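Structural description and commentary
Spelled out, the chains give:
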Amino acid sequence: MYEDIFKYQPDLEVLILIGNPLVFIASRAFSGPLALKNLSLGESKIKSLSDIPSDNLAYLEVLDLGGSDIRSLDGLSSFHWQNVNSLQLDMNSIDRISQTDLQPIHNVVGMSISFKGNDFVSIEPGAFQSLNLSSLDISGCFRKINFSSILRGLEGITTNKLNLGLYETDSNVFIPSAALQSFCKILVTDLDLQLQHFLDLNNSTFHCLEGLKKLDLTRAHLDSLPFNMTGLSNLSHLVLDENRFSDVCNINTKNFPMLTHLSVSGNLKPLGFSNRCLESLRVLEELDLSHSSVKLKGPCCNDQLFGLSELKLLNLSYSLPMVWSSQPFSASPQLEHLDFSHSLYALNDSSPFSNLQSLRTLNLSWSNTSLTNMHIFNGLKTLQLLNLKGNPIQGGVLSHAELFKYVPLLETLILSSCKITAFEENLFKGLTQLRQVDLSENKLVRLSTSGFYSLYSIQLNFASNAIVTVDVGSIMNFGKGSTVDLSYNPLVCNCSNFQFINWVKKNTVNEN
Ligand SMILES: *[C@@H]1O[C@H](CO)[C@@H](O)[C@H](O)[C@H]1NC(C)=O
Ligand SMILES: *[C@@H]1O[C@H](CO)[C@@H](O)[C@H](O)[C@H]1NC(C)=O
Ligand SMILES: *[C@@H]1O[C@H](CO)[C@@H](O)[C@H](O)[C@H]1NC(C)=O
Ligand SMILES: *[C@@H]1O[C@H](CO)[C@@H](O)[C@H](O)[C@H]1NC(C)=O
């Protein structure tokens, strides 16, 4: 890059040159723009920060040098850091950091810095001391340095987020509990330790993390958490995805009385969910046990959800087949979102949701839900979204308008892949708020729109059905905001469809 190339671009604020094999930048290359704010030189061949002329970068907010060839932090001092909020140095070859290296950014508050994927050899103890960052990413940096050395380097830092995780291609790291004592000198609210191993996990391993709010232990090779832990008592979010718990009880959740969000998704073996395991989580709002092959000993879900009276979201998708007790969700009457996709259940009573007066979304896709039980949605007065994908309709004809009389506020209805051949004329008439109906991947031979309350503003999806001809009368009354998707139907191109084809020519919406 030679001098003055942007001479006539005074308003230029964002300059993205990612992936260019830059080897030289003239000292006046950035003169011209009055206030360049974002400079992305990622994936270049730049070897040193000192090779970037900083004179005209006084207003810089974002500096991205990820994936370059930078070997050290030399040159950091020549930049103006006061406005910078993001410094990306990930995937470089920086191998050491000393206290003096970071001196130039000591007075900047709220910056995000990423060193992800640098193979550090040494970090001077206290190198990050008194830095006040928004986030710091040191993930995937443990190939040549041990965990304790990195943490000693971080002592004295204040940062909202801290990522000390690993990636699949990294070799194993075993964190000794003693190393985590450094956290007594680190102020952090959101910590990521994904893919790490704990060498000697015990009841005081996390005792210095009393201030932590969010902890991500995705795939941290855990089969239990200690019984009586100190620390972590202020945690609000805990992610334990892709571990090896044999039962939810082994998480010992009474250590986390302030938890509002718990995720144990993708557990690597079938996850038992014994009674009253989560009883102490009085303020829990979201529980995600999806993809964990949850297996229950008794009927679902009141004994398991005992105590979770504040729960708003329950995700039990991809669980093992289970039996629902009558009124299975009375332990959590405030539920707003319920996801049972790909989970088979047997009912004990015809109206399982009758106490869920706040439920807004219900996903029963691929759950073998039978719509012959006309009272199944009884009680769902505020339901806005109902996903019934993949539940075959017996006989192919969807009838019984009573089915939907319980869900007057429904806006989105998904009935795709239900083997529907036809539906009753007035089926959806009572649904005055209906805005989206997905009837794709069925066996409908007719496009029928007379069953809807209004065609004023509605999105209909009839894709992948068996519709051959379309009676133009059925779509004439579409309002401006309405659409119908008829892709992948065997529509014929002969005179029977002449009017329809003309209509399409005049009314096609181009998706962009
Ligand atoms: C932690 O474990 C040790 C040894 O197993 C035990 O002596 C101690 O009482 C435990 N601490 C708490 C708080 O339960
Ligand atoms: C439930 O979990 C699955 C898989 O993790 C996810 O795709 C889905 O969006 C979740 N459902 C809700 C309602 O959050
Ligand atoms: C269930 O359906 C809802 C709404 O369509 C969707 O947000 C959610 O991701 C679905 N869950 C799964 C597991 O696909
Ligand atoms: C158009 O094709 C369909 C399906 O092949 C056929 O049923 C119909 O009779 C045809 N109409 C005319 C006018 O040829």
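Here, residues in each chain are numbered from 1, in the same order as that chain's written sequence. As a convention, the first chain written is A and the first ligand written is 1, with the rest following in written order. Only residues with pLDDT of at least 70 are given local features in this predicted model, and only at 80 or more are side-chain atom pairs given and counted; all residues enter the totals for whole chains, interfaces and linings. Water and hydrogen atoms play no part in the side-chain values, which are based on all heavy atoms of the structure.

Another aspect to go through is a nonpolar patch on the surface. Note that patches include only residues with greater than 30% relative accessible area and no salt bridge, and the join distances are 9 Å for like charges and 5 Å for nonpolar side chains (Val, Leu, Ile, Met, Phe, Trp, Tyr). Note on areas: Shrake-Rupley with a 1.4 Å probe; residue coverage comes only from the protein chains shown. Within this document, salt bridges are pairs made up of a side-chain nitrogen of Lys or Arg and a carboxyl oxygen of Asp or Glu, the two lying within 4 Å of each other. The grouping of Y2, V23 and F24 at the surface amounts to a nonpolar patch, some 390 Å² of accessible area in total. Put simply, DSSP H or I for four residues or longer makes a helix, DSSP E for two residues or longer makes a strand, and each gets a number counted from the N terminus. Here F24 shows up in the loop between strand 1 (14-16) and strand 2 (38-40).

Here we come to the packing of aromatic side chains. A pair of aromatic rings is counted whenever rings of Phe, Tyr or Trp (Trp by its six-membered ring) have centres within 6.5 Å, and the orientation is called stacked for planes under 30 degrees apart, edge-to-face for over 60 and tilted otherwise. Applying the stated criterion across every chain yields a total of 16 aromatic pairs. Seen in terms of ring centroids, W324 and F353 are 5.7 Å apart; in terms of plane orientation they differ by 75°. Their pairing is edge-to-face. Pair noted here: W324 is in the loop between strand 18 (322-323) and strand 19 (337-339) and F353 is in the loop between strand 20 (345-346) and strand 21 (361-363), with a separation of 29 residues, a long-range link. A residue is classified by how much of its surface remains accessible, and F353, at 0% relative accessible area, is buried. Chaining the aromatic ring pairs together yields one cluster made of W324, F329, F340, Y345 and F353. Criterion for a charge above a ring: Arg CZ or Lys NZ at most 6 Å from the ring centre, at most 35 degrees from the ring normal. A cation over an aromatic ring shows up here: R276 above the ring of F306, its NZ or CZ 3.7 Å from the ring centre. Under the scheme applied here, a residue whose accessible area is under 20% of the maximum for its type counts as buried, over 50% as exposed, and between as partly exposed, the area being computed with a 1.4 Å probe on protein chains only.

Moving on to the pattern of salt bridges. Enumeration according to the criterion identifies 11 salt bridges in this entry. Measuring nitrogen to oxygen at the nearest pair gives 3.0 Å for the salt bridge that ties R143 to D119. Here R143 is found in the loop between strand 8 (132-137) and helix 2 (147-154), whereas its partner D119 is found in the loop between strand 6 (109-114) and strand 7 (122-123), with 24 residues between them in sequence. Between E425 and R446 there is a salt bridge, and its shortest N-O distance comes to 3.7 Å.

On to the site of ligand 2. Whether a residue is near a molecule or strand depends on its heavy atoms: it is near if one of them lies within 4 Å of it. Taken together, the residues surrounding ligand 2 are S265, S290, H291, N315, S317 and D339. Whenever a nitrogen or oxygen atom comes within 3.5 Å of another N or O atom, the pair is scored as a polar contact, on the condition that within protein one atom can donate a hydrogen and the other can accept it, and that pairs from neighbouring residues in sequence are kept only if both atoms are in side chains. One of the side-chain nitrogen or oxygen atoms of S290 is found 3.0 Å away from an oxygen atom of ligand 2. The separation between a nitrogen atom of ligand 2 and a polar side-chain atom of D339 is 2.7 Å. Surface burial for ligand 2 is 52%, taken as the share of its 360 Å² of free accessible area covered by protein chains. Classification convention: Asp, Glu, Lys, Arg as charged; Ala, Val, Leu, Ile, Met, Phe, Trp, Tyr, Cys, Pro as nonpolar; all other residues, Gly among them, as polar. Of the residues assigned to the shell around ligand 2, the class counts are no nonpolar, 5 polar and 1 charged.

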